[in-house]
Amino acid sequence: MELRTLRYFVAVAEELHFGRAATRLHMSQPPLSRAIKQLGADVGALLFARSPVGVTLTPVGRVLLDEARALLDHADRVRARVSAAAGVATLTVGILGDGTDPGVSRLAAAYRRRHPGIDIRIRDTDLTDPTCGLRAGLVDVALTRAPFDETTLTMRALRTDPVGVVLRADDPPARCDRLRLAELSDRRWFQFPQGTDPIWQSYWNGGRPREGPVVRAVQECLQAVLWNGTVGLASLGNELPAELAVVPLTDMAPSRVVAVWNEGDTNPLIRSFIEIATAAYRN
């Protein structure tokens, strides 16, 4: 198996949609579909089951997803260590959430202008680690959302976004102008895998224990709402499929967009990144 093909597979598994995965990978859909079909042939089993609204992972696909993530993480660590040993000027940025955020676009353009010779590497991460691999040494700096355990980390707040509840459009509460958390107390909420930062989990569960399906990626959250009527939270302003709706929550603390890096890291490229990010998100 080639690492590139495994990256293709992980993108499709997290998006649960070949079109969105192709857009995320900056490629057309036909070669992506061929690569996934060949990967299934190499494995000797079906990896995805198609449906009218997208695709779902088969049991074999779920096993491969866990192994592929672990293998790709290891490959990223190898690449980072080799680059450091070779003295190559690189900055690896972890991004959690919507990479099409206007703040990210402004930051990317401004950083390229300031540092045209720097090799910028992007690590798009799932919802199980809000630090985007920072503590594991997979990234130098992360664009993510708080709150989470800040021990040994330094954080800069960039923006705050109001939060709403994501519901199926035909769900009666979706017709409300606004809701309170107490009005959703009897519903199932999505959960993150065991071992996920408890502060992060608690925030996205509205501050109290909940029960519901385990998810790792944004698209898995949306599919859980669509298929099972699960309650999820999201910052307002995100584009959603027509079958889903988001209703503002009046008693939910805003979600903070933050830049975070390891405490004591004096890399001047990170310092410059934080300065540029602060300006980019202020505009």
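Scroll up to find the structure.
Since this is a predicted model, take the numbers as computed values, not measurements.

*Asks:* Just give me the short version of the overall build of the protein chain, but keep the residues and values in it.
*Replies:* Secondary structure assignment for the protein chain yields eight helices and ten strands. Compactness check: the protein chain gives a C-alpha radius of gyration of 19 Å against a globular reference of 19 Å for 283 residues, within 12% of the reference. Taking the principal axes of its C-alpha atoms as reference, the protein chain extends roughly 55 × 50 × 30 Å. Here the protein chain holds 283 residues, and 47% of them are scored as buried. The long-range fraction of contacts in the protein chain, counting pairs at least 24 apart against all pairs at least 6 apart in sequence, stands at 72%. For the protein chain, the exposed area adds up to about 14300 Å²; of that, 53% sits on carbon and sulfur atoms.

*Asks:* Mind laying out the sheet that holds strand β6 (residues 153-161), listing which residues take part and the relevant values?
*Replies:* Ordered in space as β4-β3-β5-β10-β6, the five strands form an open sheet in which the pairing is mixed. Only two strands of the sheet have a single partner each, and these edge strands are β4 (119-125) and β6. If you compare each strand with its neighbour and ignore which way they point, the axes differ by 25° on average.

*Asks:* Would you mind going over the sheet that holds strand β8 (residues 232-235) in detail, with residue names and values included?
*Replies:* One open sheet holds the three strands; their spatial order is β8-β7-β9, and the pairing between them is antiparallel. Whereas interior strands pair on both sides, the edge strands pair on one side only; in this sheet they are β8 and β9 (244-248). For this sheet the average axis-to-axis angle between neighbouring strands, irrespective of direction, equals 40°. Pairing analysis gives five bridges linking strand β7 (residues 163-168) to β9, with the strands arranged antiparallel. Along β9, the bridge assignment pairs V166 with V246. The strands touched by helix α7 (residues 218-228) are β7, β8 and β9; relative to β7, the strand with the most contacts, the crossing angle is about 45°.

Conventions used here
- Residues numbered from 1 in each chain as written.
- Predicted model: local features only at pLDDT ≥ 70, side-chain atom pairs only at ≥ 80, totals over all residues.
- Heavy atoms only, no water.
- Helix = DSSP H or I, 4+ residues; strand = E, 2+ residues; numbered from the N terminus.
- Rg over C-alpha atoms; globule rule 2.2 N^0.38 Å.
- Buried < 20%, exposed > 50% of the residue type's maximum accessible area, 1.4 Å probe, protein only.
- Contact = heavy atoms within 4.5 Å.
- Areas by Shrake-Rupley, 256 points an atom, 1.4 Å probe, with all protein chains shown as cover.
- Pairing = 2+ DSSP bridges.
- Axes fitted to C-alpha atoms, helices over the stretch in contact; angles between N-to-C directions.

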